[in-house]
Amino acid sequence: MSPAGDSRGYESKKSSMASVQGSGTDKARDLKFLKKLEKYRTRSRGSSRANAGFGSAKKLRGAAKGVHVELLRLNPSGKQLCSDNLIEKAKAQGLRFEHLGVTIGTVIHNVDLRKKLSPTLVQTIKQTLNERKVIFFRNQDLTREEHLEFGRNFGELEIHPFGKSVDGYPEILPIYNDARFPGAINNWHSDVTWRTEPSLGSILYMRECPDFGGDTLFSDSHAAFEGLPDHVKKMSMGKSAIHDFENFRRSQLAQGVPKKVVDEMKEHFPLASHPVIRTHPETGKNGIYINIAFTKYIEGLPIQASQNLFRTLIEAHKSPEYQCRFIWEKGSIAFWDNRAVQHYASSDYFPSTRSLDRVTICGDRPFFIANHGKL
Ligand SMILES: [Fe+2]
């Protein structure tokens, strides 16, 4: 059929639809409805004006509620993204904060991590991590020893039992992707939750950065919990879930590791059972603690209810309101609290090289206390 034929057919179809539904541009009709609805809208605006201020926060639902609850915990004014106390400390030490998300993510400027950090500065960095959940540094030029030294300020360092470490540095895990090994960590997760004592946090240092893509996204587990409907919160609290490292076992087999050795791995690292809602050991806040990479199922519920709850909780971290996104540069550092956030590495840089070193801090056994707040 010729282009003219196509055009005639389309016009004829359009006019027959208009005769069924009425004109799509009937201005008199549209104006009538607009005036009618405006009358009600005016009344509604009038009543909400009477409830201005935080009273109207009762109307918030979902992610809007989750963010608002967490924001007020950070600063009761609801207008600062961290505590007044932290703002004062940062100012006194000449630090500058660049906040990336509302409840999560802050770049700390004016710190040289090559130097030995004073106990006061380490304390301020810890407090920033506790309040903002993931912190970042720019333009650092670290040797591997300096990277490890920075990590040791925050606890004992972990060795990953399955990931090949950097030669001579068992506590440094390289995260390397290029055209031969495309990035595939594009799922929301917290690290090593298959351990009985999953890590406290990780410190990633960018060595070779793609020209575009390869950002890391972080999502606030505390705000995500607060945004859940009440009945979902109630159903989740006090429940446990099973975590496993099945993915690693599969990849080891694929790389030629004998089944006998893989079975031995399973014996040494048995399934871990963790609370579905985890209480942060330092802030006392509760957060969602299941993830798609390692959590197998929620215990203590009929199968269908368990699967439904699993799906609901897995979806929660995906709301953009809970997130921040870090655009890497060579020499950038991301330091996240693995007990308070999940992360996602965007796989959009193939075939470029993306090469980072990870230093990981040992954590403790997750627990749950119903009354959240300061411990
Ligand atoms: Fe990870």
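Each remark here, short or long, concerns the structure printed above.
Within each chain, residue numbers correspond to sequence positions counted from 1 in written order. With the structure being a predicted model, the display of local features is reserved for residues of pLDDT at least 70 and the display and counting of side-chain atom pairs for 80 or more, all residues being used for whole-chain, interface and lining totals.

1. Some remarks on the overall build of the protein
Link 1 in the chain: A helix here means a DSSP run of H or I that spans at least four residues, while a strand means a run of E at least two residues long, and both kinds are numbered starting from the N terminus. Each helix and strand in the protein was counted, giving 11 helices and 15 strands.
Link 2 in the chain: Classification of the 375 residues of the protein by burial places 33% in the buried group.
Link 3 in the chain: A pair of residues counts as a contact when their C-beta atoms, built from backbone coordinates, are within 7 Å of each other. Long-range contacts, defined as pairs at least 24 residues apart, comprise 81% of the intrachain contacts of the protein with a sequence gap of at least 6. Exposure in this text rests on C-beta crowding, where 20 or more other C-beta atoms within 10 Å of a residue's own make it buried, 12 or fewer make it exposed, and counts in between make it partly exposed. The C-beta atoms are placed from the backbone.

2. Remarks on helix α11 (residues 303-316)
Link 1 in the chain: The first and last C-alpha atoms of α11 sit 20 Å apart over 14 residues, in line with the 20 Å expected at 1.5 Å per residue.
Link 2 in the chain: Restricting attention to buried positions, one finds in α11 the residues L309, L313 and A316. Down the axis of α11, the smallest arc covering the buried residues is 45°, so these residues share one side. Exposed and oriented more than 90 degrees from the buried face of α11 are I303, Q304, R311 and E315.
Link 3 in the chain: Structurally, α11 contributes buried residues whose contacts are with α7 (221-226), α8 (230-236), β10 (286-288) and β11 (295-298). In this analysis, the expected span of each helix is defined as 1.5 Å times one less than the number of residues it contains. The arc in question is traced by the directions running from the helix axis to the C-beta atoms.

3. Describing the environment of L148
Link 1 in the chain: Examined against the element boundaries, L148 turns out to sit in helix α6 (residues 144-152).
Link 2 in the chain: Here the alpha-carbon distance between L148 and I203, two residues 55 residues apart in the chain, equals 9.3 Å.
Link 3 in the chain: Apart from residues lying up to four places away in sequence, L148 is in contact with L157, E171 and V359.

4. Section: the nonpolar core
Link 1 in the chain: In this description, a nonpolar core means buried residues of the types Ala, Val, Leu, Ile, Met, Phe, Trp, Tyr and Cys, linked to one another by C-beta atoms lying within 7 Å. Ranked by internal contacts, the top residues of the largest apolar core, which has 46 residues, are V134, I288, I333, A334 and F335.
Link 2 in the chain: Among the nonpolar cores identified, the runner-up in size contains 5 residues, and W194, F245, A272 and F294 belong to it.

5. What to know about the sheet that holds strand β1 (residues 96-99)
Link 1 in the chain: For two strands to pair, DSSP has to find at least two bridges joining them. The strand order across the open sheet formed by 7 strands is β1-β2-β3-β13-β5-β15-β4, and the pairing between neighbours is mixed. If you trace the sheet from one side to the other, it starts and ends with β1 and β4 (172-177), each paired once. If you compare each strand with its neighbour and ignore which way they point, the axes differ by 25° on average.
Link 2 in the chain: Of the strand pairs in this sheet, β1 and strand β2 (residues 106-109) are connected by 4 bridges, and their pairing is antiparallel. Where helices are involved, their axes are fitted lines through C-alpha atoms of the stretch in contact, as for all axes, and angles between N-to-C directions lie from 0 to 180°.

6. Some points on helix α3 (residues 62-74)
Link 1 in the chain: In this model α3 runs 19 Å from its N-terminal to its C-terminal C-alpha over 13 residues, within 8% of the 18 Å that 1.5 Å per residue would give.
Link 2 in the chain: Turning to α3, its buried residues number three or more, namely G66, V67, H68 and E70.
Link 3 in the chain: Those residues of α3 that are buried lie in contact with β6 (216-220) and α7.

7. A few points about the pairing of strand β13 (residues 333-337)
Link 1 in the chain: Where burial is concerned, most of β13 is hidden: 5 out of the 5 residues are buried.
Link 2 in the chain: Taking every second residue as pointing to the same face, both faces of β13 are buried, with I333, F335 and D337 on one and A334 and W336 on the other.
Link 3 in the chain: Here strand β3 (residues 134-137) pairs with β13 via 4 bridges, running antiparallel. Bridging across to β13, F137 finds its partner in I333.

8. Side note on the sheet that holds strand β12 (residues 323-326)
Link 1 in the chain: With respect to topology, 3 strands assemble into an open sheet ordered β12-β6-β14, the strand pairing being antiparallel. Lying at the two open borders of the sheet, with one neighbouring strand each, are β12 and β14 (341-345). Strand-to-strand, the axes of this sheet are offset by a mean angle of 20°, without reference to chain direction.
Link 2 in the chain: As paired strands, β6 and β14 are joined by 5 bridges and run antiparallel to one another. Paired with L217 across the two strands is Y344, which belongs to β14.

9. Describing the packing of helix α4 (residues 84-92) against helix α5 (residues 119-132)
Link 1 in the chain: Where α4 contacts α5, the two axes come as close as 10 Å, and the packing angle between them is 145°. The handedness of the crossing between α4 and α5 comes out as left-handed. Judged by residue contacts, L86, K89 and A90 of α4 engage T124, Q127, T128 and E131 from α5. In this scheme the handedness of a crossing depends on how the near helix is turned from the far one: anticlockwise by less than a right angle means left-handed, clockwise means right-handed.

10. Quick look at the environment of V276
Link 1 in the chain: Inspection of the secondary structure assignment puts V276 in the loop between β8 (272-275) and β9 (277-279).
Link 2 in the chain: Note: C-alpha distance between V276 and E299 (23 residues apart in sequence) is 9.3 Å.
Link 3 in the chain: In contact with V276, other than residues within four places in its own chain, are S236, K239, S240, A241, Y289, I290, I298 and L313.

11. A closer look at the packing of helix α9 (residues 246-254) against helix α10 (residues 259-268)
Link 1 in the chain: Interhelical geometry of α9 versus α10 gives an angle of 160° and a closest axis separation of 10 Å. Between α9 and α10, the interaxial angle falls into the category roughly antiparallel. Of the two possible hands of crossing, α9 and α10 adopt the one that is right-handed. Along its contact with α9, which presents R249, Q252 and L253, the element α10 presents K259, V262, M265 and K266.
Link 2 in the chain: Residue polarity follows a fixed list, in which Ala, Val, Leu, Ile, Met, Phe, Trp, Tyr, Cys and Pro are nonpolar, Asp, Glu, Lys and Arg are charged, and the others, Gly among them, are polar. A breakdown of the residues in the contact of α9 with α10 according to their chemical character gives 3 nonpolar, 1 polar and 3 charged. An angle below 35 degrees is read as roughly parallel, one above 145 as roughly antiparallel, one from 65 to 115 as roughly perpendicular, and any other as oblique.

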